[in-house]
Amino acid sequence: RPGGAAMEGPGDASRAVADWRLAVWTLCSVLLPVLITAWCSFQRSRRQLLIRDIFRKSKHDWHYTDLFGQPSYCCVCAQHILRGAFCGCCGLRVCERCLKKADQRFLCKEIMLRGTAGAPSSMPHHWIRGNVPLCSCCIVCKQQCGTQPKLCDYRCVWCQYTVHDECMVDCLRTEDCTFGEFKDLIIPPYYLSAINQMRKEKRTSYEKVVPYDRKHWMPVMVLANTRSGNNMGETLLGEFKMLLNPVQVFDLSKIGPAKALQLCTWLPCNTVRVLVCGGDGTVGWVLDAIDEMKIKGQERYIPQVAVLPLGTGNDLSNTLGWGAGYAGEVPVEQILRNVMEADGVKLDRWKVQVTNKGYYNLRKPKVFTMNNYFSVGPDALMALNFHAHREKTPSLFSSRIINKAVYFFYGTKDCLVQECKDLNKKVELELDGERIELPNLEGIIVLNIGYWGGGCRLWEGMGDEPYPLARHDDGLLEVVGVHGSFHCAQIQVKLANPVRLGQAHTVRLILKSSKMPMQVDGEPWAQGPCTVTITHKTHALMLYHSGEQTDDDDASSLSE
């Protein structure tokens with residue numbers, strides 16, 4: 001037996017070694033992928049930190065994308081790339097590996113010329129090679145550019161002209177840029193340089209600076225709210241920066257309209273046009289900032305305002321002919337053409353003062369500015385419920401369709417519950433000082449504009465009665481009543497008329513008892529007993545686009 005035990009020793013040892021090898025290989029097979037994954041994750045995060053550092057320090061407006069929307073080539077190594085970085089101002093596209101080289105090698109659009117002697121009145125083209133827009137034509141031979149599957153052809157970042165590699169000659173490199181189709185909307189960098197120098201020298205004779213003296217120059221400013229409605233603001237910001245001077249394009253989530261509008265004081269009086277990209281609330285925000293300019297004594301610099309509707313309701317935009325909503329169906333170039341061709345109109349703005357009732361009430365009255373409408377009743381209740389829901393879960397409300405679906409849900413709920421019934425017993429209504437006897441109602445709506453509730457012409461109703469059309473510049477308010485949420489829905493599909501209570505220059509509404517939902521231009525709140533007084537405040541200068549007429553507008557124009 002001792003001999004047998006001695007003979008089993010080497011076998012046990014070999015099995016032990018085999019077990020250790022198996023354990024080591026198992027451990028390696030488990031740890032190696034983990035280590036590789038950790039190493040790749042570390043390198044990725046390190047690379048992202050380096051990219052963010054370059055983005056932060058760069059004069060380019062770099063953005064990273066995982067997939068370019070069209071065939072793209074790196075401007076440094078000329079290789080085909082699927083993902084990488086692009087500049088939102090000049091349009092450069094580059095792979096991750098060449099980002100630092102591209103940032104150092106290529107200049108972006110200059111918003112203001114620096115280090116120039118005198119007051120230049122022109123500047124040369126700023127050519128960028130490759131990735132020209134699809135269907136662009138060469139200014140020399142008139143043939144299509146960008147047709148070859150490689151980095152080829154040139155584009156000027158200011159005038160947007162394109163030219164083939166073989167058509168590019170020395171004279172084009174040194175030729176003065178004309179700023180292309182939108183020269184009457186662009187603020188040239190040399191103009192800002194000249195005005196900046198004159199301000200330092202405390203001179204105000206801007207009339208001699210080019211293109212101040214150009215007859216048709218109407219510089220445009222773009223103010224976009226990236227949080228409005230369908231979240232298209234971010235994309236639009238980049239597209240407008242490509243076509244205009246980046247200094248003309250503002251993100252309202254980063255800079256307020258009051259500060260942005262100070263650029264108007266650098267520009268000719270009564271010529272600036274402002275394009276507000278957002279909902280009716282954003283438009284009201286900008287108009288409030290313009291009113292502040294009047295208070296500061298800057299009335300001669302007041303701009304005219306156009307609207308690109310990105311919100312949910314967009315009733316003001318619809319009234320002014322800019323449509324009920326924008327989803328990218330119109331190119332930004334056409335939007336700028338529409339702004340150039342739009343006609344100036346006035347918009348009444350109204351002061352809404354809410355004074356709480358009670359002998360011991362020491363609080364100041366709440367004061368609002370109204371552009372669209374004031375209401376008490378079911379539509380204000382829907383807006384209040386929607387607002388409360390959006391405050392709790394804002395991430396869910398990133399689509400115009402979802403927003404309208406939530407409104408529909410709360411409207412259907414109110415049809416069953418009828419929280420605002422017997423409103424006529426709770427309120428008194430005075431139009432220009434005359435008491436109005438109210439029928440059985442659930443809601444009262446005071447209108448300044450033609451559209452209400454996301455595209456409904458409330459005052460006209462079915463259009464089968466000879467009532468004058470509602471106007472937004474006549475100093476009159478239209479006052480209507482509704483029997484409930486179901487009645488509102490009938491009016492919207494032209495199956496019913498509203499209860500027309502009258503027109504007036506001043507509206508006074510007294511809430512005698514209980515608490516009722518109220519709203520001004522979509523901003524709702526729950527209000528106890530009070531007196532609401534609506535009086536004319538001022539006019540706003542707006543732009544009307546006659547090319548976006550609805551069926552209602554066509555019918556009304558034919559009847560006239």
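An unreviewed UniProt entry lists the chain under the name Diacylglycerol kinase, from Copsychus sechellarum. The record in UniProt for the chain states the following under Sequence similarities (unreviewed entry): "Belongs to the eukaryotic diacylglycerol kinase family."

Caption draft 1: Spotlight on unusual backbone geometry. The phi dihedral of Lys494 is positive, around 60°, even though this residue is not glycine. Position of Lys494 among the secondary structure elements: in the loop between α12 (485-492) and β20 (499-504). Even without a glycine there, the phi angle at Ser514 is positive, about 65°. Looking at where Ser514 falls in the secondary structure, it is placed in the loop between β21 (507-511) and β22 (516-520).

Caption draft 2: Layout of the environment of Gln160. Structurally, Gln160 is set in the loop between β7 (154-156) and β8 (162-163). With relative accessibility at 25%, the residue Gln160 sits in the partly exposed group. Spatially, the C-alpha atoms of Gln160 and Val132 are 9.3 Å apart, while their sequence positions differ by 28 residues. When sequence neighbours within four positions are dropped, the list of residues in contact with Gln160 reads Arg155, Met242 and Leu243. Looking at Gln160, its side chain comes within polar contact range of the side chain of Arg155, at 3.3 Å.

Caption draft 3: Looking closely at the packing of aromatic side chains. Counted under the stated rule, the structure contains 6 aromatic pairs. Consider the rings of Phe68 and Phe86, whose centres lie 6.5 Å apart with planes at 70°: the pair is edge-to-face. Within this pair, whereas Phe68 is found in the loop between β1 (62-65) and β2 (72-73), its partner Phe86 is found in strand β4 (residues 84-87), the two being separated by 18 residues in sequence. Summarising the aromatic geometry, the rings of Phe368 and Trp525 are spaced 4.7 Å apart at their centres and angled 20° between planes, so their arrangement reads as stacked. Here Trp525 lies in strand β23 (residues 523-527) and Phe368 lies in strand β14 (residues 366-370), a separation of 157 residues in the sequence. Exposure remark for Phe368: the relative accessible area of 24% places this residue in the partly exposed category. The rings of Trp158, Phe179 and Tyr190 are connected pair by pair, giving a single aromatic cluster. A cation over a ring is seen here: Lys109 above Trp158, with NZ or CZ 4.8 Å from the ring centre. Between the NZ or CZ atom of Arg457 and the centre of the ring of Tyr451, over which it lies, the distance is 4.9 Å.

Caption draft 4: Region of the structure containing the pattern of salt bridges. All told, the structure shown has 13 salt bridges when counted by the stated rule. Between Arg435 and Glu428 there is a salt bridge; the shortest N-O distance is 3.9 Å. Residue class for Arg435 comes out partly exposed when judged on its relative accessible area of 46%. The closest approach of N and O atoms between Arg471 and Asp473, which form a salt bridge, is 3.1 Å. Given the relative accessible area of 46%, Arg471 is considered partly exposed.

Rules used throughout
Residues numbered from 1 in each chain as written. Predicted model: local features only at pLDDT ≥ 70, side-chain atom pairs only at ≥ 80, totals over all residues. Heavy atoms only, no water. UniProt positions renumbered as here; feature names shortened; annotations may be inferred. Helix = DSSP H or I, 4+ residues; strand = E, 2+ residues; numbered from the N terminus. Buried < 20%, exposed > 50% of the residue type's maximum accessible area, 1.4 Å probe, protein only. Contact = heavy atoms within 4.5 Å. Polar contact = N/O pair within 3.5 Å; in protein donor to acceptor, adjacent residues only side chain to side chain. Phe/Tyr/Trp six-rings, centres within 6.5 Å; stacked < 30°, edge-to-face > 60°. Lys NZ or Arg CZ within 6 Å of the ring centre and 35° of its normal. Salt bridge = Lys/Arg side-chain N within 4 Å of Asp/Glu carboxyl O.

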